[in-house]
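The residues making up each chain are set out below.
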Amino acid sequence: MEHGFLGYRSTFMLDFVVSALILIVPLLLFSLFTVKNRHNFSLHKKLQILLGAVLLVAVTAFEVDVQLMHGGWQNIVNQRETPLTPEQFQYVRNVLYVHLIFAVSTPLFWGATLFLALKRIPDPPAPCAHSSLHKKLGWISTIDITLTSVTGLYWYYVAFVVSG
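Residues numbered from 1 in each chain as written. Predicted model: local features only at pLDDT ≥ 70, side-chain atom pairs only at ≥ 80, totals over all residues. Heavy atoms only, no water.

1. Some details on the packing of helix α1 (residues 12-36) against helix α2 (residues 41-69)
Rule in force here: Helix axes are fitted only over the stretch in contact, all axes being lines through C-alpha atoms; the angle between N-to-C directions runs from 0 to 180 degrees. Only DSSP runs of H or I reaching four residues or more are called helices, and only runs of E reaching two or more are called strands; each is numbered from the N terminus. These descriptions rest on fixed angle ranges, namely under 35 degrees for roughly parallel, over 145 for roughly antiparallel, 65 to 115 for roughly perpendicular, and the rest for oblique. Rotating anticlockwise by less than a right angle from the far helix to the near helix defines a left-handed crossing, while the corresponding clockwise rotation defines a right-handed one. Any two residues whose heavy atoms approach within 4.5 Å are treated as being in contact. In this classification, the charged set is Asp, Glu, Lys and Arg, the nonpolar set is Ala, Val, Leu, Ile, Met, Phe, Trp, Tyr, Cys and Pro, and all remaining amino acids, among them Gly, are polar.
Where α1 meets α2, the closest approach of the two axes is 10 Å, and the angle between their N-to-C directions is 165 degrees. Classified by the angle between their axes, α1 and α2 sit roughly antiparallel to one another. The two elements α1 and α2 cross, and the hand of that crossing is left-handed. Within the contact between the two elements, α1 uses M13, L14, F16, V17, I24, L27, L28, F30, S31, L32, T34 and V35 and α2 uses F41, L43, H44, L47, Q48, L51, L55, A58, A61, F62 and D65. Its residues assigned to classes, the contact of α1 with α2 comprises 18 nonpolar, four polar and one charged.

In structure tokens, the structure reads:
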């Protein structure tokens, strides 16, 4: 497949990650619901590990695709049917920089949250001395991944959807 599946001249992996960004926030909210309202700590743990692993694999495949297979995001954006003006291209670059702030910090926060939880929360999971810090890290991670999703979706929109 030469282009992505969302109908724009992007790549398959870029469209896959955009689709994942749309799905991740509702799945994350469901995971939070299971622990906060249902007190199902085991399901919350499984969902968080699964979401983290899937995102790690997806983002790694995405980076390999963008950087190694296509030589960078600029080459993909330059495949648009209607080329961007230099001003539009600079705007797309600036939106990407904002997105990258969250996209880089998210795996760090999420990884720290998961690592500390696996190390400090008992198995099977239950409230413990680490719970207070875990909640704070979890909310930081949740806000961060939400901002990663919103800025990533906006970047895709300005890079591929908006016509010149």
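Further notes follow.
2. Considerations on unusual backbone geometry
Definition in use: Buried, partly exposed and exposed residues are distinguished by accessible area as a fraction of the type maximum, computed with a 1.4 Å probe on protein chains only: under 20%, between the cut-offs, and over 50%, respectively.
Each neighbour pair has its own omega, and for D123 with P124 the value is 5 degrees, a cis peptide bond. For P124, the position within the fold is in the loop between α4 (86-120) and α5 (131-161). Here the phi dihedral of H39 falls at roughly 55 degrees; this positive angle occurs in a residue that is not glycine. With respect to the element layout, H39 can be found in the loop between α1 and α2. The class for H39 is exposed, based on a relative accessible area of 53%.

3. Here's the deal with the nonpolar core
Note the cut-off: We define the nonpolar core as a collection of buried residues of types Ala, Val, Leu, Ile, Met, Phe, Trp, Tyr and Cys that are connected through side-chain atoms lying within 4.5 Å of one another.
Core analysis: the biggest nonpolar cluster contains 20 residues, and L14, W73, V77, V92, W155 and F160 have the highest contact counts within it. Broken down by secondary-structure element, the contributors of at least two residues to this core are α1, α2, α3 (73-77), α4 and α5. Leave out the neighbours within four places in its chain, and V77 touches L84, F89, W155, A159 and F160. I24, L28, L51 and L55 belong to the second-largest nonpolar core, a separate cluster that totals six residues.

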